[in-house]
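Notes for the structure review
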Amino acid sequence: MGLEPAAATPVGLPAQLPAHKAHQAHQAHQAHQAHQAHQAHQAHQAHQALDDAPARAPLVTSLPGTFTGADVADLTGATRFHAAGITGQQTVSVNVEAGHVWDGHETLGHVSDFVNAASVFDTDGDPATPEYDFHATLVGMMLGGRNGGSIPGAWQSGLAPDTDLRSGAVATQWVGDAYSLGFNVSSETLRGAYGGAFGTADVINSSWGGTDPVGESALALITDGLQNLHPRTTFVAAAGNSGPGGNSVEAPGAGYNAITVGALQNDGSNAYDRIADFSSRGPQDYADPVNGTVAGVRAAVDIAAPGTELTSAFYGGQTGGNNPTLGDSAPFPGDDFYLGGVGGTSFAAPITAAGAALLHSAREADAALAANAHADDSRVIKATLLNSARKLPGWDNGQASAGGVVETTQSLDWASGAGALDLDRAFEQYLTAGTRDLAGLGGGSVAPVGWDFAEVGLGDRNRYAMDASLRGGSTFTATLAWFRAREYDTLTSVADDIAQANLDLIVRDIATGTVARSVSLYNLVEHLSFVLPASGRYAIDVVYASNTFDSRGDFALAGYGLAWWAQAPAPGTPPLLLAGTAALLLSRRRRRGITRAARTAAGT
């Protein structure tokens, strides 16, 4: 969408912005205590017989030990993609945050592309040397780390190990003591990193943010605007760690066009079945330039992923959040250290971003999808991930039945969004679905499981009629995702908040009428998950009845991604007879024949 300066009401961005922070949960101890190494825990019965262990899936939790936890790929379903040979090939993923991912760690030597403005903080004064940071390194390995070093193991590899992992940095200064999570940014550094990533990357992850309940900060405007202008880049953001109260999601996740991720709590036995108390959540305030602020009406979290008790790569060099200007800064050298007990939405986000990268990679591996530009539209990726999410105990999007119609004006659960990341089901939702994008942009006849990219005009509707009778008593799930129309000009650093279409998601029994509807006025997602009242023929309607706001007065066409999942009766079975039927440890690996001491580290 081209900029129209004469018609715009631009929002100028200040040159220097307030301090922001990385989204790590456990801040009771400073990470610089890691190098006070005399509290020796043995480098672990955890890695006894590592050389003899069978091959395992990428990334591990840190329970029962730093190197011997459960496979996160199994917990999230990423192994479904890996088993099919899809590991992130032919994709580019960029981690954008305060500092850069360290390419000196044994798991991250393949990171070779670093993007930032000239005004980012530079410890050594040499712009050719990236400003490496411990937090970025932890995050980067979870997304796209690879096996390396003399003892490769499951704990080293991210969920999308073959993505082309790149790094962007935005900090102009860190504040506080060593291993700081607080830093300043500017409009120039935001423009340099994000402007260089959107349109180039398939996936961008950002595990940091600042206070902005309504999504109107410079950070939200820039990222929302660039996402709208570059829809084939999928933007994933951490929700923040300011829970359990509502209205606590931070920008960029508090914006309107990202996939915003909450953190799931490990229950001590490697089950992730509830939201972590610290995870930020709604109800979130809404604002636009026409209507002003409306309190407590948005479901700003889209999905949740494992966000506690994880293991990842550690960087202890004196740059980034451990640079010499910070109190108690000291070097902690070594290219084969790992941090256990890692937690925060900072780490739920790259796990989800890796899931998005696997979907983009799957598209490249499928000839029909590779030829379809809509197959990697981020609205389709978002709808796919949300529609395939696993519902958590107590999940509640405000659905209620009145007059035989299930209705929600909330759309998603305040804390977990559509639920827990489930890449096993996402594989089926995206790759093996009966409908994988219809011809044209206006609905049509569809299989019981599928997805579509389409457009709908103001005052119109698109209908998706199921081509088979659906099973009464089974769960029907559908997700609709679209963008708020924001624009950002990287040359002038001017943003424009143009319009927000108000789309509705309606499920109809073709014979009797409406059975369910998601009709949120303030969200950019509509979501339904309900039990079909009877076997029969059903249809989904995507309705564009109005705009929540339109600052120019001429916004009248909305593109969207739609995903749905339903059950058809078994062939030859009468439908009416069918019945419906889920210790923070920083350690150096033990080299062959050598046992090294584990070091206690502080809180990530």
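See the structure shown above.
Read on for a plain summary of the structure. All chains use their own residue numbering, which begins from 1 and follows the written sequence. Per-residue local features of the predicted model are confined to residues with pLDDT of at least 70, and side-chain atom pairs are confined, for both listing and counting, to 80 or more; whole-chain, interface and lining totals are unaffected and use all residues. Calculated side-chain values reflect all of the structure's heavy atoms, with hydrogen atoms and water omitted.

All right, on to the overall build of the protein then. Strands here mean DSSP runs of E at least two residues long; helices mean DSSP runs of H or I at least four residues long; both are numbered from the N terminus. Each helix and strand counted, the protein has nine helices and 33 strands in total. A burial count over the protein gives 63% of its 604 residues as buried. Note on areas: Shrake-Rupley with a 1.4 Å probe; residue coverage comes only from the protein chains shown. Surface summary for the protein: the accessible area is close to 19800 Å², and the carbon and sulfur share equals 50%. Think of it in three bands: with a 1.4 Å probe and only protein chains considered, a residue is buried below 20% of the maximum accessible area for its type, exposed above 50%, and partly exposed in between.

The next thing to look at is the side chain of Gln 284. Along the chain, Gln 284 turns up in strand β14 (residues 284-288). A polar contact of 3.3 Å, which involves the side chain of Gln 284, links it to the backbone nitrogen of Ser 248. Pairs of residues are marked as contacts when any of their non-hydrogen atoms sit within 4.5 Å. Setting aside chain neighbours within four positions, we find Gln 284 in contact with Asp 212, Pro 213, Asn 247, Ser 248, Val 249, Ala 254, Gly 296, Val 297, Arg 298 and Ala 300. Polar contacts, as used here, are pairs of N or O atoms within 3.5 Å; protein pairs need one atom able to donate a hydrogen and one able to accept it. Residues neighboring in sequence count only if both atoms are side-chain atoms.

Here β14 lies mainly inside the structure; five of its five residues are buried. Where β14 meets strand β15 (residues 292-298), four bridges bridge the pair, whose relative direction is antiparallel. Bridge assignment links Ala 287 to a residue of β15, and that residue is Thr 293. Any two strands with at least two DSSP bridges between them are considered paired. Counting the residues that bridge the hairpin from β14 to β15 gives three residues.

So, on to the packing of aromatic side chains. Two rings from Phe, Tyr or Trp (for Trp, the six-membered ring) form a pair when their centres sit within 6.5 Å of each other. Planes less than 30 degrees apart are called stacked, planes more than 60 degrees apart edge-to-face, and all others tilted. Going through the model one piece at a time under the given rule, you end up with 21 aromatic pairs. Judged by centre distance (5.0 Å) and plane angle (65°), the rings of Phe 67 and Trp 155 are edge-to-face. Taken together, the residues span a long stretch of sequence, with Phe 67 in the loop between β3 (41-42) and α1 (72-76) and Trp 155 in the loop between α3 (134-144) and β6 (164-169) at a distance of 88 residues. Grouping residues by exposure puts Phe 67 and Trp 155 together as buried. Each residue in the set Phe 134, Tyr 179, Phe 314, Phe 332 and Phe 337 is aromatic and connected to the rest through ring pairs, giving one cluster. One cation-aromatic arrangement involves Arg 298 over Tyr 256; the distance from NZ or CZ to the ring centre is 4.2 Å. One cation-aromatic arrangement involves Lys 391 over Trp 395; the distance from NZ or CZ to the ring centre is 4.7 Å. To sit over a ring, a charge needs its Lys NZ or Arg CZ within 6 Å of the ring centre and within 35 degrees of the ring normal.

To qualify as a nonpolar core, a set must consist of buried Ala, Val, Leu, Ile, Met, Phe, Trp, Tyr and Cys residues joined through side-chain atoms within 4.5 Å. By size, the foremost hydrophobic cluster in this structure holds 85 residues, and its most contacted members are Leu 385 and Tyr 430. Among the elements that line this core, the one with the most residues is helix α6 (residues 345-365), at 11 residues. Ranked by size, the runner-up nonpolar core spans 40 residues in total, among them Met 466, Phe 476, Val 515 and Trp 564.

Each salt bridge in this description consists of a side-chain nitrogen of Lys or Arg and a carboxyl oxygen of Asp or Glu lying within 4 Å of one another. Per the stated rule, a full pass over the model turns up 20 salt bridges. With a shortest N-O distance of 3.6 Å, Asp 302 and Lys 382 are connected by a salt bridge. Placement of Asp 302 in the loop between β15 and β16 (303-306) and of Lys 382 in helix α8 (residues 378-387) is noted, with a sequence separation of 80 residues between them. The salt bridge partner of Asp 376 is Arg 363, with a shortest N-O separation of 3.6 Å. Here Asp 376, found in the loop between α7 (367-370) and α8, pairs with Arg 363, found in helix α6; they are 13 residues apart in sequence, far enough to count as distant. The exposure class assigned to Arg 363 is buried, which follows from its relative accessible area of 5%. Connected via shared salt-bridge partners are Asp 224, Arg 484, Arg 486 and Asp 497.

Before going further, it helps to spend a moment on the sheet that holds strand β23 (residues 449-457). Strand order in the open sheet made by the five strands is β21-β23-β31-β25-β29, with mixed pairing throughout. The open sheet is flanked by β21 (435-436) and β29 (525-531), the only strands paired with a single partner. Here strand β25 (residues 475-482) pairs with β29 via seven bridges, running antiparallel. Residue pairing in the sheet places Thr 477 in a bridge with Ser 529 of β29. Here, axes are lines fitted to C-alpha atoms. For helices the fit covers the stretch in contact, and angles between N-to-C directions go from 0 to 180 degrees. Against the sheet, α8 touches β23, β25, β29 and β31 (557-565), its axis set at about 30° to β31.

Moving on: unusual backbone geometry. Gly 243 connects to Pro 244 through a cis peptide bond whose omega is 10°. Cis peptide bonds are those with omega within 30 degrees of zero, and the linkage from Gly 282 to Pro 283 qualifies with 5°. Within the element layout of this structure, Pro 283 appears in the loop between β13 (274-275) and β14. Backbone geometry at Glu 309 places phi at a positive 55°, although glycine is not the residue there. A positive phi angle is found at Asp 328, which is not glycine, with a value near 65°. Topologically, Asp 328 is positioned in the loop between β17 (310-313) and β18 (337-342). Judged by its relative accessible area of 51%, Asp 328 falls in the exposed class.

The next thing to look at is the packing of helix α4 (residues 187-197) against helix α5 (residues 218-229). One way to put it is that α4 packs onto α5 with a least axis distance of 11 Å and a crossing angle of 20°. Here α4 is positioned roughly parallel relative to α5, judged by the angle of their axes. In the crossing of α4 with α5, the sense of the turn from one axis to the other is right-handed. Residues Leu 190, Tyr 194 and Gly 195 of α4 touch α5, and the partners they reach there are Leu 219, Ile 222, Thr 223 and Leu 226. Note on angle classes: values under 35 degrees are labelled roughly parallel, values over 145 roughly antiparallel, values of 65 to 115 roughly perpendicular, and the remainder oblique. Note on convention: the crossing is left-handed when the near helix lies turned anticlockwise from the far helix by less than a right angle, right-handed when the turn is clockwise.

By this rule, a helix spans an expected 1.5 Å times one less than how many residues it contains. With 12 residues, α5 ought to run about 16 Å at 1.5 Å a step, and its terminal C-alpha atoms sit 16 Å apart, in line with that. Taken residue by residue, α5 has Ala 218, Leu 219, Ala 220, Leu 221, Ile 222, Thr 223, Asp 224, Gly 225, Leu 226, Gln 227 and Asn 228 as its buried positions.

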